[in-house]
Amino acid sequence: MTDAAEVRELTQELLAAHPPATTDRTDFLKARFDAGLAWVHYPVGLGGLGAPRSLQAVVDAELAAADAPDNDPRRIGIGLGMAAPTILRFGTDEQKQSLLRPLWVGEEVWCQLFSEPGAGSDLAALGTRAVRDGDDWVVDGQKVWTSSAHVARWAILIARTDPGLPKHQGITYFVCDMTDPGVEVRPLRQITGEAEFNEVFLTGVRIPDSRRLGPVGEGWKVAQTTLMNERVSIGGSRIPREGGMIGPVAKTWRERPELRTHDLHQRLLDLWVEAEVARLAGERLRQQLVAGQPGPEGSGMKLAFARLNQEISGLEVELRGEEGLLYDDWTMRRPELVDFTGRDAGYRYLRSKGNSIEGGTSEVLLNIVAERVLGLPSEPRSDKDIAWKDLAR
């Protein structure tokens, strides 16, 4: 299936059989998945047609014109952008069949159990342990900065299965059921007043070996697929011109001439151009994905995303003057989705501070760009060949 006309015809057949105006939202999404129109580049039977990724735009345009419902991608972004491509690449046939459909439809939310309080930015230093016990693995440890853990059914999890190997080895990748005994989720209240992040404690959690992704001890390799896709999904999402953080600032500038100064004008112009360059670079990155897996370029996009969000939101607060110092509501909330640009200027300013931490710190991403994109020498790593159990902690 490689022809745009054929894909368009399939989409029209879906709309005729399941009119969006009279079909239950979830039923429509299930029918779309079964028709292979969820993500057309996925295999037949897994929500796709085995078609070129570029044809997804044809499907999306037809469905948008018909006012068809989407699967609320912001709410299930971790599942769509990180879990799904990892399951597709490393999962068994049974895992793909059982996990991908409810993930895409949005019946089940996913979260990511990677970061740990004791590992910092060095993810490979993680200490959560998984010990084999018959057909199960028993997991003990703590994860942190876990977005959506309070509403998630499933989690992608990496844990150390052999502490006698160097830190990048001896790690295994699992799918964890967040409703299992021993999984405890506690909110982490952020500077915004919300608690979209959580810390997760794992105490004697039993995970069947059938929910392991990839070979034992090769979890770091599997995790690289997740991380590369994560950075693309954060930094390379499709937005229109003046979408994202630059939009509210440009709108305020046009509607509030009394706030303008020459200096603010020059800074806004510079950031507007940079935001547009980043948007077009993201479009090129998505086109490159058609040819294969995401590469380290996604790290560069995520870097730009974090820096621009922080600079633009800072400009917006300054532009608004005293109004920019106001904050609408400090009520403790546990939102179901991550909203980088929602609410008021104060929220955008405070929330953007997390952009240079989540999805890989900017410092780590700078190293990735330097080494894997620019080809610069690697930093000396004295702990590279030392068993994890012998590292100083």
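Predicted model, so just to flag it, every value in this text is computed and none were measured. (Residues numbered from 1 in each chain as written. Predicted model: local features only at pLDDT ≥ 70, side-chain atom pairs only at ≥ 80, totals over all residues. Heavy atoms only, no water.)

1. Considerations on the environment of Ala 281
Next up, step 1: Among the secondary structure elements, Ala 281 is positioned in helix α8 (residues 262–289).
Next up, step 2: Taking the relative accessible area as the measure of exposure, Ala 281 reaches 23% and is therefore partly exposed.
Next up, step 3: Considering only alpha carbons, one finds Ala 281 and Ile 76, 205 residues apart in sequence, at a separation of 24 Å. (Helix = DSSP H or I, 4+ residues; strand = E, 2+ residues; numbered from the N terminus. Buried < 20%, exposed > 50% of the residue type's maximum accessible area, 1.4 Å probe, protein only.)

2. Points about the packing of helix α1 (residues 4–17) against helix α3 (residues 56–65)
Next up, step 1: At their nearest, the axes of α1 and α3 sit 9 Å apart, and the two run at 35° to each other. Considering how the two elements wind past one another, α1 and α3 form a crossing that is right-handed. Along its contact with α1, which presents Ala 4, Val 7, Arg 8, Thr 11, Gln 12, Leu 14 and Leu 15, the element α3 presents Val 58, Val 59, Glu 62 and Leu 63.
Next up, step 2: Residue composition of the contact of α1 with α3, grouped by class: seven nonpolar, two polar and two charged. (Axes fitted to C-alpha atoms, helices over the stretch in contact; angles between N-to-C directions. Left-handed = near helix turned anticlockwise from the far one by under 90°. Contact = heavy atoms within 4.5 Å. Nonpolar A, V, L, I, M, F, W, Y, C, P; charged D, E, K, R; others polar.)

3. Remarks on the packing of aromatic side chains
Next up, step 1: Counted according to the given criterion, the structure contains seven aromatic pairs.
Next up, step 2: Ring geometry for Phe 114 against Tyr 173: centres 5.9 Å apart, planes inclined by 85°, an arrangement best described as edge-to-face. Of this pair, Phe 114 sits in the loop between β1 (110–113) and β2 (129–133) while Tyr 173 is found in strand β5 (residues 171–177), placing the two residues 59 residues apart along the sequence. Here the two residues Phe 114 and Tyr 173 agree in accessibility, since each one is buried.
Next up, step 3: Sitting above the plane of the Phe 201 ring, Arg 186 keeps its charged end 4.0 Å from the centroid. (Phe/Tyr/Trp six-rings, centres within 6.5 Å; stacked < 30°, edge-to-face > 60°. Lys NZ or Arg CZ within 6 Å of the ring centre and 35° of its normal.)

4. Topic: the nonpolar core
Next up, step 1: Among the nonpolar cores identified, the biggest contains 52 residues, and Trp 39, Trp 110 and Met 178 are the most heavily contacted of them.
Next up, step 2: The element best represented in this core is helix α4 (residues 77–90), accounting for seven residues.
Next up, step 3: Excluding its chain neighbours within four sequence positions, the residues that come into contact with Trp 39 are Phe 33, Leu 46, Gly 47, Gly 48, Gln 56, Leu 80, Ala 84, Leu 100, Leu 103 and Trp 104. (Core = buried A, V, L, I, M, F, W, Y, C linked by side-chain atoms within 4.5 Å.)

5. Some points on the side chain of Glu 358
Next up, step 1: With respect to the helices and strands, Glu 358 occurs in the loop between α10 (345–351) and α11 (362–373).
Next up, step 2: At a separation of 2.9 Å, a polar atom in the side chain of Glu 358 contacts the side chain of Arg 351.
Next up, step 3: With residues near it in sequence (within four places) discarded, Glu 358 still touches Phe 197, Lys 302, Phe 340 and Arg 351. (Polar contact = N/O pair within 3.5 Å; in protein donor to acceptor, adjacent residues only side chain to side chain.)

6. Some thoughts on the pattern of salt bridges
Next up, step 1: The tally for this structure, following the rule as stated, stands at 36 salt bridges.
Next up, step 2: Among the ionic pairs, Arg 206 bridges to Asp 133, the shortest N-O distance being 2.7 Å. Placement of Arg 206 in strand β7 (residues 197–208) and of Asp 133 in strand β2 is noted, with a sequence separation of 73 residues between them.
Next up, step 3: For Arg 206, a relative accessible area of 39% puts it in the partly exposed group.
Next up, step 4: Note that Arg 212 and Asp 209 form a salt bridge whose closest N and O atoms lie 2.8 Å from each other.
Next up, step 5: Beyond isolated ion pairs, a larger network of salt bridges with shared partners links Arg 256, Glu 258, Glu 316, Arg 320, Glu 323 and Arg 348. (Salt bridge = Lys/Arg side-chain N within 4 Å of Asp/Glu carboxyl O.)

7. Concerning the side chain of Thr 161
Next up, step 1: Mapping Thr 161 onto the fold places it in the loop between β4 (154–160) and β5.
Next up, step 2: Here Thr 172 takes part through its side chain, which lies 2.7 Å from a polar atom of the side chain of Thr 161.

8. Comments concerning the environment of Pro 187
Next up, step 1: Note that Pro 187 resides in strand β6 (residues 183–188).
Next up, step 2: Leaving out residues up to four positions away in the same chain, Pro 187 has contacts with Ala 195, Phe 197, Asn 198, Met 332 and Arg 334.

9. Points about unusual backbone geometry
Next up, step 1: The residue Asp 72 is not glycine, and still its phi comes out positive at about 55°.
Next up, step 2: Residue placement: Asp 72 occurs in the loop between α3 and α4.
Next up, step 3: Its identity is not glycine, yet Trp 145 carries a phi of approximately 60°, on the positive side.
Next up, step 4: Mapped onto the fold, Trp 145 is located in the loop between β3 (136–143) and β4.

10. Focus: the pairing of β4
Next up, step 1: In terms of residue burial, β4 counts as a mostly covered element, since seven of its seven residues are buried.
Next up, step 2: Residues of β4 alternate between two faces, with Trp 154, Ile 156, Ile 158 and Arg 160 on one and Ala 155, Leu 157 and Ala 159 on the opposite face, all of them buried.
Next up, step 3: Pairing between β1 and β4: four bridges, direction parallel. In the strand pairing of β4, Gln 112 is matched with Ile 156.
Next up, step 4: The pairing of β4 with β5 spans seven bridges and is classified as antiparallel. Bridge pairing links Trp 154 to Asp 177 in β5. (Pairing = 2+ DSSP bridges.)

11. A closer look at the pairing of β7
Next up, step 1: Strand direction decides the pairing type here: β3 and β7, joined by seven bridges, are antiparallel. Across the sheet, Val 138 pairs through a bridge with Arg 206, a residue of β7.
Next up, step 2: Inspection of the sheet shows β6 paired to β7 by six bridges, in the antiparallel sense. Within β7, the position partnered with Pro 187 by the bridge is Asn 198.

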